Amino acid sequence: MFAAGLWQCIIASVLLCGLWGCAAAETYTIQPGDSLANVALKYDVTLTDLIRANQDRYPALAVDPVNPEPGIELVIPAPGDIGIDQWFSRLAQAASPPITPAPNVPAAPNEKINAVAQLIQRGINHERAARNLPPLIWDEPLNEIAQARSNDMIRRAYFSHEDPQQGTVAFQDLIRSQNYHFLLAGENIAEIKNQGSLVPSGLTVYARYGPGEIAEQFVVGWINSAEHRENIINPHFRKTGIALGVSVDGTRIVATQIFSD
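Notes on the structure in this doc start here. As the structure is a computational prediction, the values presented were derived from the model and not from experiment.

Thoughts on the packing of helix H7 (residues 140-155) against helix H8 (residues 170-177)
- In the contact formed by H7 and H8, the axes pass within 10 Å of each other and the chain directions differ by 140°. Of the possible angle classes, the one that applies to H7 and H8 is oblique. Crossing geometry of H7 relative to H8 is assigned as right-handed. Between H7, through Leu-142, Ile-145, Ala-148 and Arg-149, and H8, the contact on the second element is made entirely by Ala-170, Phe-171, Leu-174 and Ile-175.

Here is the structure:
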């Protein structure tokens, strides 16, 4: 979850760059373990702009932004170069249409949401490969269950493995109601949301960050949590479904990953 203080700094940085101009473009040398998302966050630029500024010299960055080659020197684009109007326009176009005052309605699936889910799967499988485990295979029934879980947490404004009314494990209720055959199943959930209210639609967490940045927040969070990592590296799991629920005002993103044998 992005902290309130960090979020306020990001807003201030965008406004100052757009209105007063930024310093000349900087460069950064990729270090072992760096990802483009981390570099973009470090310099407060979008992942898309970072790739665009360097794709002529390093076309592989657009294919694999997670593992850039150590030692390459990246040009850091200056957000002020595109002008404040274009900057806010780009942010707004990336978001679902804001609807106020009804944030507890999931946004319709779109290209950005689908891209985040695919990047999460890629990150999870990268962690499994590092441990000599086979990749998790995308399973559409599990994906539908994951989508139902994420949307439900958006609609009813809760965050838990348990149904707040029934007191039962929600994903187990869903997986059994669909007569899905399994011996072992598990669930990981996570959320990112704005701190506070009255956030401009173009500056919500959903609009401000690209698919790679959002996906990395979820993947890194799960991997760094022992109980979530156990699901990720469980050798008995073979299939997965991953889905996002995004509030229509863009201030909350919930990710659900379902695992089964």
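With respect to the sheet that holds strand E4 (residues 185-193)
- Within the open sheet, the four strands sit side by side as E3-E5-E6-E4. Their pairing is mixed. Each of the sheet's edge strands pairs with one partner strand only, and the pair in question is strand E3 (137-138) and E4.
- Here nine bridges tie E4 to strand E6 (residues 252-260), and the two strands are oriented antiparallel to one another. Its bridge partner being in E6, Glu-187 is matched across the sheet by Ile-258.
- Sitting on the sheet, H7 is in contact with E3, E4, strand E5 (239-246) and E6, with an inclination near 30° to E5.
- The strands touched by helix H10 (residues 211-223) within the sheet are E4 and E6, with E4 carrying the most contacts at an inclination of about 130°.

Some remarks on the side chain of Ser-260
- Here Ser-260 lies in strand E6.
- Excluding anything up to four places from it in sequence, Ser-260 contacts Leu-142, Tyr-180, Phe-182, Leu-184, Ala-185, Phe-237, Arg-238 and Lys-239.

A few points about helix H6 (residues 111-130)
- With 20 residues, H6 extends 29 Å from end C-alpha to end C-alpha; this agrees with the ideal 28 Å at 1.5 Å per step.
- Inspection of H6 places Lys-112, Ile-113, Val-116, Ala-117, Ile-120, Gln-121, Ile-124, Asn-125, Glu-127 and Arg-128 among the buried residues, and these make up the whole buried set.
- Looking at the packing, one finds that the buried side of H6 touches E3, helix H9 (205-208), H10, helix H11 (226-232), E5 and E6.
- Directly beyond the C-terminal end of H6, a positive phi value near 60° is found at Asn-132.

Examining H8
- All of the buried residues in H8 are Ala-170, Phe-171 and Ile-175. Seen end-on, H8 carries its buried residues on one side only, within an arc spanning 125°. In H8, the exposed residues that point more than 90 degrees away from the buried face are Arg-176 and Ser-177.
- Residues of H8 that are buried sit in contact with H7, E4 and E6.
- Positive backbone phi, at 55°, marks Asn-179, one or two positions downstream of H8.

About the cut-offs
Residues numbered from 1 in each chain as written. Predicted model: local features only at pLDDT ≥ 70, side-chain atom pairs only at ≥ 80, totals over all residues. Heavy atoms only, no water. Axes fitted to C-alpha atoms, helices over the stretch in contact; angles between N-to-C directions. Helix = DSSP H or I, 4+ residues; strand = E, 2+ residues; numbered from the N terminus. Parallel < 35°, antiparallel > 145°, perpendicular 65-115°, else oblique. Left-handed = near helix turned anticlockwise from the far one by under 90°. Contact = heavy atoms within 4.5 Å. Pairing = 2+ DSSP bridges. Expected span 1.5 Å × (residues − 1). Buried < 20%, exposed > 50% of the residue type's maximum accessible area, 1.4 Å probe, protein only. Arc of directions from axis to C-beta.

Purely geometric stuff here, so don't read any function into it on its own.
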